[in-house]
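# Structural overview
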Amino acid sequence: MNKLLPGVIAMAIVVVVSNILVQYPIGQWLTWGAFTYPFAFLVSELVNRFHGVQAARRVVYAGFVVGLICSLIGTQIIGEYGPLVTLRVAIGSGIAFLVAQLLDVSVFDRLRRSAWWRAPFLGSFLGSSVDTLLFFSIAFSATLVWIEPGNDISWAIESVPLLGFGPAVPLWVSLGFADWGVKVAVDIIALMPFRAIVSKYAARVA
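What comes next is a walk through the structure.

Definitions and limits used
Residues numbered from 1 in each chain as written. Predicted model: local features only at pLDDT ≥ 70, side-chain atom pairs only at ≥ 80, totals over all residues. Heavy atoms only, no water. Phe/Tyr/Trp six-rings, centres within 6.5 Å; stacked < 30°, edge-to-face > 60°. Helix = DSSP H or I, 4+ residues; strand = E, 2+ residues; numbered from the N terminus. Buried < 20%, exposed > 50% of the residue type's maximum accessible area, 1.4 Å probe, protein only. 1 Å grid on protein atoms, 1.4 Å probe; cavity = no way out; pocket = protein on both sides within 12 Å on 5 of 7 lines; lining within 4 Å. Points joined across faces, edges and corners; volume = space filled by probe spheres on them. Nonpolar A, V, L, I, M, F, W, Y, C, P; charged D, E, K, R; others polar.

### Some words on the packing of aromatic side chains
Within the structure shown, the criterion is met by twelve aromatic pairs. Ring geometry for F50 and Y201: centres 6.5 Å apart, planes at 85°, overall edge-to-face. Placement of F50 in helix α3 (residues 39-51) and of Y201 in the segment after α8 (191-200) is noted, with a sequence separation of 151 residues between them. On the accessibility criterion, F50 (10% relative accessible area) is buried. Consider the rings of F135 and F136, whose centres lie 5.0 Å apart with planes at 80°: the pair is edge-to-face. Residue classification places F135 among the buried residues on the basis of a relative accessible area of 18%. Joined through ring pairs, the aromatic side chains of F121, F125, F177 and W180 make up one cluster.

Pasting the structure below:
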């Protein structure tokens, strides 16, 4: 367990910071959390690279527990429009994190012997895509309103041009599309620290 402690701590930091920063918007479509959350994939991929797939899954489970705690705390904090974290947001966040991270871990493990960039890029790209789709649809889609009937999501399903200039879509689709774009961009940028860290500690690769 000691060898996993740095990974667990790093994952916990990313999850906590992202849960805090998601409360702070950037412009009309994004929050600061979109820029920090993708580093969760970097953490699990480094653990996967150095210690193997089972160790990476343990780090993901630890991050999931931390995320649940953050959501629980958020449901108890009342903001201007109600709890900072609604039931749908909590469920969407938990499911999206767990499914996306475990997908990333599996894809990375299958591709670990290919070109150095392929496993981290494809793992995080697929994970980010699934994470965005699951979270925004569970949290805001009108078709899943039965999860939390008392939660007013009228603002999220309002029809607006995609990112302000495209075809008309529900607002949550624009939010999700912008979020996904940032995640993919950060995933690409994160290839640089991944390469640098793996090169520096190559002797410890699992």
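### So, the layout of surface pockets
Of the pockets and cavities examined, the second largest pocket occupies roughly 320 Å³. Along the walls of the second largest pocket sit 15 residues, with P6, G7, L46, V47 and F50 positioned nearest its centre. Elements with a contribution of two residues or more to the lining of the second largest pocket: α1 (5-21) and α3. Residues of the lining of the second largest pocket, tallied by class, amount to eleven nonpolar, two polar and two charged.

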